[in-house]
Amino acid sequence: MRAVLDTSVLIGADAPEDMEVAISVASITELHFGVLLADDADERARRADRLAAVEATFDPLPVTVEVARAWGRLAAAVAQRGGQPRRRQTDLAIAATAAVEKVPLLTHNVADFQIVEDLVEVRRP
């Protein structure tokens with residue numbers, strides 16, 4: 001594996017095709033949440049189709065004890081640096097997965113991770 005994809009990349013149209021990538025199970029959580037929050041039936045169906053495609057394509061990396069430890073370290077770093085880790089828990093779980101796998105996190109939300117850029121490598125896709 002060469003990178004972990006953030007959910008922002010999974011819902012975008014520009015996921016890298018020429019690269020070995022993985023996803024965190026936390027992204028599946030975000031995608032399910034997105035389906036359930038959709039206000040209209042067409043949007044809910046579109047999101048459900050995307051979720052089904054993601055689930056058929058990837059075998060998500062689990063939140064293991066090692067990932068949980070890294071997640072805790074990232075959350076503590078965010079809090080110690082003046083951020084609000086509770087608002088960002090799912091993002092931090094995905095970032096922790098990338099950190100444990102020792103690969104970059106590919107995201108459209110690079111600025112969201114600047115507070116921990118010394119702890120996890122973050123890049124645009």
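Residues numbered from 1 in each chain as written. Predicted model: local features only at pLDDT ≥ 70, side-chain atom pairs only at ≥ 80, totals over all residues. Heavy atoms only, no water.

Here we come to the overall build of the chain. Along its length, the chain carries five helices and four strands. By the compact-globule yardstick of 14 Å for 125 residues, the chain fits well, its C-alpha radius of gyration being 14 Å. Its C-alpha atoms put the chain at 40 × 30 × 25 Å along the principal axes. Scored against the burial criterion, the 125 residues of the chain give a buried share of 40%. Of the contacts made within the chain by residues no fewer than 6 positions apart, 53% connect residues no fewer than 24 positions apart. Surface summary for the chain: the accessible area is close to 7,200 Å², and the carbon and sulfur share equals 50%. A distance of 7 Å separates the average location of the 14 positive side-chain charges in the chain from that of its 20 negative side-chain charges. (Helix = DSSP H or I, 4+ residues; strand = E, 2+ residues; numbered from the N terminus. Rg over C-alpha atoms; globule rule 2.2 N^0.38 Å. Buried < 20%, exposed > 50% of the residue type's maximum accessible area, 1.4 Å probe, protein only. Contact = heavy atoms within 4.5 Å. Areas by Shrake-Rupley, 256 points an atom, 1.4 Å probe, with all protein chains shown as cover. Lys, Arg positive; Asp, Glu negative; His and termini not counted. Charge placed at Lys NZ, Arg CZ, Asp CG, Glu CD.)

In this section: the packing of aromatic side chains. Any two aromatic rings considered together are summarised by their centre-to-centre distance and by the angle between their planes. What the rule picks out here adds up to zero aromatic pairs. Just above the ring of F113 sits the side chain of R88; from NZ or CZ to the centre is 5.7 Å. (Phe/Tyr/Trp six-rings, centres within 6.5 Å; stacked < 30°, edge-to-face > 60°. Lys NZ or Arg CZ within 6 Å of the ring centre and 35° of its normal.)

Looking at the chain as a whole, the pLDDT averages 94, with 99% of positions reaching at least 70. Ranking the helices and strands of the chain by mean pLDDT puts helix α4 (residues 65-80) first, with 98, and helix α1 (residues 7-10) last, with 93. (pLDDT = per-residue confidence, 0-100.)

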